[in-house]
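Summary of the model geometry
The chain contents come next:
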Amino acid sequence: MPMTKTQLLAWIDKQNAVFCDKKEYLTDLDAAIGDADHGINMNRGFAKVMEKLPTVADKDLPTILKTVGMTLMSSVGGASGPLYGTFWMKGAMALDGKTEMTTADFKAFLEAAVGGIVQRGRPELGDKTMYDLWGPVLAAVKAAEDATPLAEVVAAALPVAEAALAATIPLQARKGRASYLGERSIGHPDPGATSSLFMLQTLREALG
Ligand code: ADP
Ligand code: MG
């Protein structure tokens, strides 16, 4: 079954809720290897998204996704604002005019969205960034059959995402502020990979 617009709006709503709940947790993770603002950034960004959402809730999926991206881009500072902003905006462009998202559509969405992160941040696998999560997740999603229901595809990607997040712990950061710490960045999960896992978990919930 494809993702309906109601489910997309539920996904965004659930991300807002998780970034309220996990604001301190994400900020604490960022305190260990960055500048202690990742939770604040995500919380502020999704609060703005929730303000904007009613103005586009009756539009098609790409319009809603583009609004999420543009809002994050303009309201979230630091590295993650432009990275997540690009994620949603590029993803939106892959769904021209769609009013629901099939598994094939989601593959196209995610490929474009993750491509946006790569284009913007130039991360490589192993740099200890959100891309260390999205790279393996994208590969898992693309390997699924188009006929597999989207909820199953996302459920199957979750353990991949959890393992990918855990795998960031022993890495030394080579991108972003955490890279300034050198070897002291070892032993902590990447904050952006953690917020990315929350995005996937809330998608799973929204799809039921
Ligand atoms: P800032 O680092 O500017 O304070 P945030 O704290 O909101 O921004 O986000 C930090 C997260 O951004 C990191 O945990 C990492 O996942 C991600 N990140 C930083 N630089 C890059 C990059 N060049 N490519 C991909 N992701 C990056
Ligand atoms: Mg930070």
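Here the residue numbering is sequential within each chain, running from 1 through the sequence in written order. Written order decides the labels, with chains lettered from A and ligands numbered from 1. Where local features are concerned, this predicted model is filtered to residues with pLDDT of at least 70; where side-chain atom pairs are given and counted, the filter is 80 or more; whole-chain, interface and lining totals use all residues. Think of the side-chain values as coming from all heavy atoms in the structure, minus any hydrogens and water.

Under an unreviewed UniProt entry, the chain has the name PTS-dependent dihydroxyacetone kinase ADP-binding subunit dhaL and belongs to Solidesulfovibrio magneticus.

This part takes up the packing of helix H1 (residues 5–21) against helix H4 (residues 61–75). Contact pair H1 / H4: the axes reach a minimum separation of 11 Å and the direction vectors enclose 10 degrees. In terms of orientation, H1 and H4 fall into the roughly parallel class. On H4, the residues that touch Lys5, Leu8, Leu9 and Ile12 of H1 are Leu61, Ile64, Leu65 and Val68. Lys, Arg, Asp and Glu make up the charged group, whereas Ala, Val, Leu, Ile, Met, Phe, Trp, Tyr, Cys and Pro make up the nonpolar group; the residues left over, Gly among them, are polar. Along the lines of polarity and charge, the residues of the contact of H1 with H4 split into seven nonpolar, no polar and one charged. The axes used here are C-alpha line fits, helices contributing only the stretch in contact, and every angle between their N-to-C directions lies in the interval 0 to 180 degrees. Secondary structure elements are taken from DSSP: a helix is a run of H or I of four residues or more, a strand is a run of E of two residues or more, and numbering for both begins at the N terminus. In this scheme, roughly parallel covers angles under 35 degrees and roughly antiparallel covers those over 145, while 65 to 115 is roughly perpendicular and the rest are oblique. Contacts are residue-level and defined by heavy atoms, with any inter-residue pair within 4.5 Å sufficient.

Two aromatic rings from Phe, Tyr or Trp, using only the six-membered ring of Trp, form a pair when their centres are within 6.5 Å; if the ring planes differ by under 30 degrees the pair is stacked, by over 60 it is edge-to-face, and anything between is tilted. Applying the stated criterion across every chain yields a total of eight aromatic pairs. Residues Phe87 and Phe109 carry aromatic rings whose centres are separated by 5.9 Å and whose planes lie at 90 degrees to one another, so their mutual orientation is edge-to-face. Taken as a pair, Phe87 in helix H5 (residues 80–93) and Phe109 in helix H6 (residues 103–121) lie far apart in primary sequence, 22 residues in all. Considered together, Phe87 and Phe109 belong to a single accessibility category, that of buried residues. Each member of the aromatic cluster is reached from another via a ring pair, and the members are Trp11, Phe87, Trp88, Phe106, Phe109 and Trp134. For a ring to carry a charge above it, either NZ of a lysine or CZ of an arginine must fall within 6 Å of the ring centroid while also lying within 35 degrees of the normal to the ring plane. Across from the ring centre of Tyr25, 5.8 Å away, lies the NZ or CZ of Lys22, which sits over that ring. Exposure classes here rest on a 1.4 Å probe applied to the protein chains alone. A residue is buried below 20% of its type maximum, exposed above 50%, and partly exposed in between.

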